[in-house]
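Close look at the chain arrangement
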Amino acid sequence: MIAVLGLIVGVVAGILVRPEVPVVVEPYLPIAVVAALDAVFGGLRAMLDGIFDDKVFVVSFLSNVVVAALIVFLGDKLGVGAQLSTGVVVVLGIRIFSNAAAIRRHVFRA
Amino acid sequence: MSNEDEQPENRLRRELPEEVPASASAEAPVAEETPAPTVTGRQRLVQGLWPPRASRAQLIVAVLLFGLGFGLAVQVASNSNSDSALRGARQEDLVRILDELDDRTQRLEDEKQGLQKQRDELENSSDQAEEARKQTAEKEKQLGILAGTVAAQGPGITMTIDDTKGTVEADMLLDAVQELRAAGAEAIQVNGVRVVAGTYLTDSDKSVSVDGNKINAPYRFKVIGKPQDLEPALNIPGGVVQTLEKEQATVTVGRSSKIVVDALRAAKQPDYARSSSR
């Protein structure tokens, strides 16, 4: 419950504060958000499976974000930033969908 | 969000290789464990949601989710802001957009030049048309003076031939007209009849007809032309004046700086002759 509250408070704070995104972070933020979403869905699925571990969640969340940002950074340096970030989004999207399918099976039994 | 992004970046880079198996192991045993627990996923979800427990796991997850929500909102806000639509764009995209804008500018510039050229041409042609119209009007006036269809005024002379004896005949008046023409007369009228190229003079008992209009003495000529040329031309020895005076007619010639020739002739459309110039 507190976790859900945290998410809501975060969204509200982001809307209210409207901080200027630093230029350095700007290209990585969208990918990082998608990666974090993937970690959250994974965590939700693990919780439904009864194998949720907060340490694993923290590590996977942070590492997902960092790896995604790193891939985009590398892609930008190699000159394939756009394609590579598309690839990252596709892969993360697939994972989010499969996790969502598992969650769906748990919640709706279908 | 940015702080959370960068702060762990240094700290967690060492853990990166370990994460992949960790998440794999987190999801791999899913299939094995599903049948084992008696508590269903739905019950666990409800338990996690209510009642709220301030456990360490909940707090940590809440912090992370706060970061996620914050980043999400910021990203959405900055993305939906059309003003900064270009801010997140990549360098190659920006270059492409710039190129496209350059192309577009170039095209519009070309179009503008074409249109300006067209406008100039139209202005020129309308100027030329205006000029031609003016010249035509000017020419029409000049020809009108010659043809006697418009009134004329200017310096010139008046000549009055008083013929008390009735001795003046048409050929004498014709001589006078010829002499005046030779001396550069531009418009002539005699007693209210305009003298033009096709004017004919005939004798009609004791007086003269000009173009079929009978006129009586005294014959008053109004002539526009250079007075210094016209007057001597009439007065030369053996000229018009002397000839007329020999016939006992009285001739008075006077210069004037303003002569008005206002007798008009109707413009006559020729029946057969047509202008050959286009």
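Naming follows an unreviewed UniProt entry, where chain A appears as Small basic family protein of Streptomyces prunicolor. The record held by UniProt for chain A lists under Sequence similarities (unreviewed entry) the comment "Belongs to the sbp family."

So, about the overall build of chain B. When helices and strands are tallied, chain B shows nine helices and eight strands. Counting every position in chain B, which comprises 278 residues, the buried fraction comes to 23%. Sequence separation of 24 or more characterises 79% of the internal contacts of chain B that already satisfy a separation of 6 or more.

The next point concerns the sheet that holds strand 7 (residues 219-224) of chain B. Residues and elements named next belong to chain B. Spatially, the five strands line up as an open sheet ordered 3-2-7-1-8, and their pairing is antiparallel. Across the chains shown, the open sheet's two edge strands, defined by having one partner strand only, are strand 3 (193-195) and strand 8 (250-261). Put simply, the sheet's adjacent strands are angled 25° from each other on average, direction ignored. Against the sheet, helix 7 (residues 170-182) touches strand 2 (187-190), strand 3 and strand 7, its axis set at about 15° to strand 7. Across the sheet, helix 8 (residues 227-235) lies against strand 1 (152-162), strand 7 and strand 8, angled at about 20° from strand 1, the strand it touches most.

Residues and elements named next belong to chain A. Mapped onto this numbering, the UniProt entry gives "transmembrane region" (unreviewed entry) at residues 27-44, 56-74 and 80-103. Taken end to end, residues 56-74 is 100% helix and 0% strand, and its first and last C-alpha atoms sit 26 Å apart. End-to-end, the C-alpha atoms of residues 80-103 are 34 Å apart, and along that stretch the chain is 96% helix and 0% strand.

All names here are of chain B. Bridge count for strand 4 (residues 201-204) against strand 5 (residues 207-210) is four bridges, and the pairing is antiparallel. Bridging across to strand 5, Leu201 finds its partner in Val210. If you look at the hairpin formed by strand 4 and strand 5, you'll find two residues sitting between the two strands, and Lys206 has a positive phi there, around 70°.

Residue and element names in this part refer to chain A. At their nearest, the axes of helix 3 (residues 54-78) and helix 4 (residues 81-108) sit 7 Å apart, and the two run at 155° to each other. In terms of orientation, helix 3 lies roughly antiparallel with respect to helix 4. The interaxial crossing formed by helix 3 with helix 4 has right-handed handedness. For the pair helix 3 and helix 4, the contacting residues are Ala68, Ile71, Val72, Gly75 and Asp76 in the first and Gly81, Leu84, Ser85 and Val88 in the second. For the contact of helix 3 with helix 4, the residue count by class is five nonpolar, three polar and one charged.

On to the sheet that holds strand 4 of chain B. Residues and elements named next belong to chain B. Ordered in space as 4-5-6, the three strands form an open sheet in which the pairing is antiparallel. Strands at the two margins of the open sheet, each flanked by one partner only, are strand 4 and strand 6 (213-215). On average, each strand axis in the sheet is tilted by 35° relative to the strand beside it, whichever way the strands run.

Residues Ala32, Ala35, Ala36 and Val65 of chain A together with Leu65 of chain B are the most contacted members of the largest nonpolar core, which totals 39 residues. Counting residues per element, the ones that place at least two in this core are helix 1 (2-17), helix 2 (29-49) and helix 3 of chain A together with helix 5 (56-80) of chain B. Per-element accounting of this core gives the leading share, 13 residues, to helix 2 of chain A. Counting 35 residues, the second-largest nonpolar core is a separate cluster that includes Ile157, Ala176, Ile224 and Val261 of chain B.

Now for the confidence of the model for chain A. This prediction gives chain A a mean pLDDT of 85; 99% of its residues lie at or above 70. For chain A, helix 1 of chain A is the element with the lowest average pLDDT, namely 82, and helix 4 of chain A is the one with the highest, namely 89.

To continue, consider the confidence of the model for chain B. Residues and elements named next belong to chain B. A residue-level look at chain B finds 82% of positions with pLDDT of 70 or above and a mean pLDDT of 79. Between the elements of chain B, mean pLDDT differs from a low of 41, seen in helix 1 (residues 2-12), to a high of 92, seen in helix 6 (residues 91-147). Note that pLDDT drops below 50 for residues 1-37; the model gives that stretch 46 contacts with residues more than four away or on any other chain. Predicted as a complex, the structure gets a pTM of 0.44 and an ipTM equal to 0.83.

Basis of the calculations
- Residues numbered from 1 in each chain as written.
- Chains lettered and ligands numbered in written order.
- Predicted model: local features only at pLDDT ≥ 70, side-chain atom pairs only at ≥ 80, totals over all residues.
- UniProt positions renumbered as here; feature names shortened; annotations may be inferred.
- Helix = DSSP H or I, 4+ residues; strand = E, 2+ residues; numbered from the N terminus.
- Buried ≥ 20, exposed ≤ 12 C-beta atoms within 10 Å, placed from the backbone.
- Contact = placed C-beta atoms within 7 Å.
- Pairing = 2+ DSSP bridges.
- Axes fitted to C-alpha atoms, helices over the stretch in contact; angles between N-to-C directions.
- Parallel < 35°, antiparallel > 145°, perpendicular 65-115°, else oblique.
- Left-handed = near helix turned anticlockwise from the far one by under 90°.
- Nonpolar A, V, L, I, M, F, W, Y, C, P; charged D, E, K, R; others polar.
- Core = buried A, V, L, I, M, F, W, Y, C linked by C-beta atoms within 7 Å.
- pLDDT = per-residue confidence, 0-100.

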